[in-house]
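Descriptive structure summary
Next come the chains, spelled out residue by residue.
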Amino acid sequence: MESTTPRRRRPSALKTSPEIQPTPPTPHASPNRATASSVPGAATLPRPKHPRRTPFAPQNSILSDPASPHSLRGFLVFFWIGMAWYLVATLYHAHRTGGHLLRPELLGILAHDTWTLVFGDLAMVAGCAVAFLIQRDVCTGLVPLAWAGFVGIMWEATWFTYWMVWIWYRRWTWLQTGFMTLHTISNLMKQHSYLMTNTELHFKRQHLATLSASKVALSAETRAHVEILTAELKGRWTGVDFPNQLTFWNFVDYMLVPTLVYELDYPRTKQLRNVFHRQSEHQINLSRNRFQPFALLEKFFSTFLTFTLLCATVDHYILPVLQISKELDWIGSVIYLIMPFMVCFLLLFLIIFECICNAFAELTCFADRTFYEDWWNSSTFDQFARRWNKPVHEFLLRHVYLESISTTKASKESATLVTFFVSSVFHEFAVFMVGKRFRPWLFMFQMLQIPLIYMMRVPFMRKQRLFGNALFWFAMFLGPPLMTALYAREHFLEL
């Protein structure tokens with residue numbers, strides 16, 4: 001679940017690696033709203049909304065920042081060595097007892113219908129290019145600006161429905177179905193941000209043209225409004241003007257950068273950081289704005305190792321428990337699954353946010369690597385939601401929370417409820433696609449976070465940070481095995 005509290009990032013409090021330095025950003029005016037009522041005809045245009053523009057900044061991820069004096073990289077090295085021994089011990093025990101490292105059942109799950117998954121995923125991603133074609137047609141006038149939002153929503157609904165039906169009728173295992181469903185949802189969010197952000201910028205550009213063409217003397221308030229619009233139509237890092245950035249390669253770049261919210265441009269790394277040896281100043285100058293191959297290989301190797309650990313944990317500690325569900329009671333299943341699922345949760349976190357996101361950041365020279373914050377120190381569930389999955393949090397904040405406030409004039413409390421509901425629906429939908437049955441346990445547990453969040457905001461509870469962190473970790477240990485016992489036991493009991 002992703003929190004919706006509009007909490008701005010404070011760059012001064014974050015450590016920036018000296019190896020990631022951005023091009024100086026274009027100065028921007030204050031985002032406060034100003035009126036343009038003094039200009040004839042301006043009132044007939046849609047009032048430009050001023051949603052929060054995501055404050056991307058060049059930063060390394062917490063666990064792999066070698067420049068920070070408080071870096072946790074040493075702890076990460078300790079973790080990897082411990083996990084390596086854990087893998088060796090697990091595979092050695094499996095070989096001694098069963099004569100194999102991984103059971104054939106799991107290998108069959110991993111290799112099931114691989115080529116259909118690969119080509120289907122490529123076709124799904126390629127279909128996202130229609131979003132670019134829609135915006136190109138808006139620029140040329142083929143799609144009227146007044147209809148751009150509706151056309152974009154209809155395309156998103158058609159595209160998403162087609163791929164969900166296609167996935168539903170594949171005879172896939174939980175692994176292929178889960179991957180394809182989650183990847184499709186993430187690309188749906190990418191398309192939505194691309195379409196809605198550019199459509200809004202078209203309206204702002206039209207509004208700015210009306211203000212600039214007016215022959216009436218502009219008031220100070222209106223001139224400030226013009227400055228705001230001008231700044232929002234210019235890239236922060238490269239100074240590119242809207243809609244000059246609407247090219248196919250800009251769209252391809254956006255699809256590759258590890259973020260779910262669209263901006264005119266992003267901060268980029270200016271020099272190649274070699275993880276194996278220090279480069280000379282001449283080499284560094286020659287390698288600016290290029291990806292770093294050694295760091296990329298490091299992320300690929302980390303992904304492979306982490307995925308191997310994940311498979312070994314599932315094969316030796318989770319599937320055997322689920323397969324004897326008829327012999328275990330519900331409480332026994334939860335107890336046996338607590339530690340394996342906590343290990344799986346940590347490994348999935350590393351795969352997605354530390355390995356895959358950082359690998360795509362290296363590939364695209366994307367400088368903002370804060371895909372997560374110190375969620376392990378969370379004392380409330382809304383802190384965890386803000387910190388552990390920054391890309392989804394930023395998407396929900398911009399396109400659900402702030403959009404519901406600016407469009408429907410909803411209160412902050414109502415916008416929070418709407419955002420929790422949307423997030424819970426998509427989480428439950430992913431489980432529904434994997435399990436092929438509707439059991440809204442995850443939806444109910446996520447919505448129950450709302451009263452818990454308000455409870456933790458009581459002044460007395462705010463002061464009990466250690467207790468709050470202990471309560472958070474208690475829920476994290478108990479939640480995943482409890483969800484599995486509720487969902488998976490039913491499946492295995494029917495076998």
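Residues numbered from 1 in each chain as written. Predicted model: local features only at pLDDT ≥ 70, side-chain atom pairs only at ≥ 80, totals over all residues. Heavy atoms only, no water.

1. A short note on the overall build of the protein chain
The secondary structure content of the protein chain amounts to 18 helices and 0 strands. Out of the 495 residues in the protein chain, the part that is buried amounts to 48%. Taking as baseline every contact in the protein chain between residues at least 6 positions apart, the subset at least 24 positions apart corresponds to 77%. Total accessible area computed for the protein chain in this model is approximately 25200 Å², and 68% of it derives from carbon and sulfur atoms. (Helix = DSSP H or I, 4+ residues; strand = E, 2+ residues; numbered from the N terminus. Buried < 20%, exposed > 50% of the residue type's maximum accessible area, 1.4 Å probe, protein only. Contact = heavy atoms within 4.5 Å. Areas by Shrake-Rupley, 256 points an atom, 1.4 Å probe, with all protein chains shown as cover.)

2. Some words on unusual backbone geometry
Across the junction of Phe 242 and Pro 243, the peptide omega takes the value 5 degrees, indicating a cis bond. Structurally, Pro 243 is set in the loop between helix H7 (220–232) and helix H8 (248–256). For Lys 409, which is not glycine, the phi dihedral falls at a positive 60 degrees. Inspection of the secondary structure puts Lys 409 in the loop between helix H13 (390–408) and helix H14 (412–435).

3. A short note on the packing of aromatic side chains
The tally for this structure, following the rule as stated, stands at 34 aromatic pairs. Ring pairing ties together the aromatic residues Phe 345, Phe 349, Phe 353, Tyr 372, Trp 375, Trp 376, Phe 381, Phe 384, Trp 388, Phe 472, Trp 473 and Phe 477, which thus form one cluster. Against the face of Tyr 254 rests Lys 190, its NZ or CZ located 4.2 Å from the ring centre. Against the face of Tyr 454 rests Arg 457, its NZ or CZ located 5.4 Å from the ring centre. (Phe/Tyr/Trp six-rings, centres within 6.5 Å; stacked < 30°, edge-to-face > 60°. Lys NZ or Arg CZ within 6 Å of the ring centre and 35° of its normal.)

4. Concerning empty space enclosed by the protein
All chains considered together, the criterion is met by 2 cavities of 30 Å³ or more. The space that makes up the largest cavity amounts to roughly 100 Å³. Forming the boundary of the largest cavity are 11 residues, of which Phe 56, Thr 370, Phe 371, Lys 390 and Pro 391 lie nearest the centre. A breakdown of the residues in the lining of the largest cavity according to their chemical character gives 5 nonpolar, 2 polar and 4 charged. (1 Å grid on protein atoms, 1.4 Å probe; cavity = no way out; pocket = protein on both sides within 12 Å on 5 of 7 lines; lining within 4 Å. Points joined across faces, edges and corners; volume = space filled by probe spheres on them. Nonpolar A, V, L, I, M, F, W, Y, C, P; charged D, E, K, R; others polar.)

5. Re the side chain of Ser 404
Relative to the helices and strands, Ser 404 is located in helix H13. The class for Ser 404 is buried, based on a relative accessible area of 12%. Beyond its immediate sequence surroundings of up to four residues, Ser 404 is in contact with Lys 409, Ala 410 and Ala 415.

6. What to know about H8
Taken as a whole, H8 has its buried residues at Asn 250, Phe 251, Tyr 254 and Met 255. Each buried residue of H8 lies within a common arc of 140 degrees when the element is viewed along its axis, so the set occupies one face. Where the residues of H8 are buried, they touch helix H4 (129–140) and helix H6 (174–213). (Arc of directions from axis to C-beta.)

7. Remarks on the environment of His 183
Along the chain, His 183 turns up in helix H6. Along the sequence, His 183 and Val 125 sit 58 residues apart, while their C-alpha atoms lie 9.0 Å from each other. Not counting residues within four places of it along the chain, the set of residues in contact with His 183 comprises Asp 121, Met 124 and Val 125.

8. Some points on the nonpolar core
Met 180, Tyr 194, Phe 349, Tyr 372 and Trp 375 are the most contacted members of the largest nonpolar core, which totals 89 residues. The element best represented in this core is helix H11 (residues 330–364), accounting for 13 residues. Dropping the residues within four chain positions of it, Phe 349 is found in contact with Leu 63, Glu 354, Tyr 372, Trp 375 and Trp 388. Membership of the second largest hydrophobic core comes to 7 residues, among which are Val 334, Ala 485, Leu 486 and Tyr 487. (Core = buried A, V, L, I, M, F, W, Y, C linked by side-chain atoms within 4.5 Å.)

9. Considerations on the pattern of salt bridges
As a working rule, side chains carrying opposite charge can pair if their charged atoms are close by. With the rule as written, the count across this model stands at 11 salt bridges. We note a salt bridge from Lys 390 to Glu 373, for which the minimum N-O separation is 3.3 Å. One end of the pair, Lys 390, is in helix H13; the other, Glu 373, is in the loop between H11 and helix H12 (381–388), with 17 residues separating them in the sequence. The shortest N-O distance in the salt bridge between Asp 382 and Arg 457 comes to 3.4 Å. Within this pair, whereas Asp 382 is found in helix H12, its partner Arg 457 is found in the loop between helix H16 (449–456) and helix H17 (459–463), the two being separated by 75 residues in sequence. Exposure remark for Arg 457: the relative accessible area of 33% places this residue in the partly exposed category. (Salt bridge = Lys/Arg side-chain N within 4 Å of Asp/Glu carboxyl O.)

10. A closer look at the environment of Leu 417
Considering the arrangement of structural elements, one finds Leu 417 in helix H14. For Leu 417, a relative accessible area of 45% translates into the label partly exposed. Taking C-alpha positions, Leu 417 is 8.7 Å from Met 447, a pair spaced 30 residues apart along the chain.

11. Side note on the environment of Ile 228
Within the fold, Ile 228 resides in helix H7. For Ile 228, a relative accessible area of 6% corresponds to the buried category. For the pair Ile 228 and Leu 208, spaced 20 residues apart in sequence, the C-alpha to C-alpha distance is 9.6 Å.

12. Section: the confidence of the model for the protein chain
With 82% of its residues at a pLDDT of at least 70, the protein chain reaches an overall mean of 78. Predicted confidence for residues 3–51 stays below pLDDT 50, and this span has 126 contacts to residues more than four positions away or in other chains. Contacts for the low-pLDDT stretch residues 271–289, under 50 throughout, to residues beyond four places or in other chains number 33 contacts. (pLDDT = per-residue confidence, 0-100.)

13. A short note on the packing of helix H1 (residues 73–98) against H11
Direction vectors running N to C along H1 and H11 enclose 125 degrees, while the axes themselves pass 13 Å from each other. With respect to each other, H1 and H11 are oriented oblique. Every pair of crossing elements has a handedness; the one defined by H1 and H11 is left-handed. On H11, the residues touching Leu 76, Phe 79, Trp 80, Met 83 and Tyr 86 of H1 are Val 343, Leu 347 and Leu 350. Partitioning the contact of H1 with H11 into residue classes produces 8 nonpolar, no polar and no charged. (Axes fitted to C-alpha atoms, helices over the stretch in contact; angles between N-to-C directions. Parallel < 35°, antiparallel > 145°, perpendicular 65-115°, else oblique. Left-handed = near helix turned anticlockwise from the far one by under 90°.)

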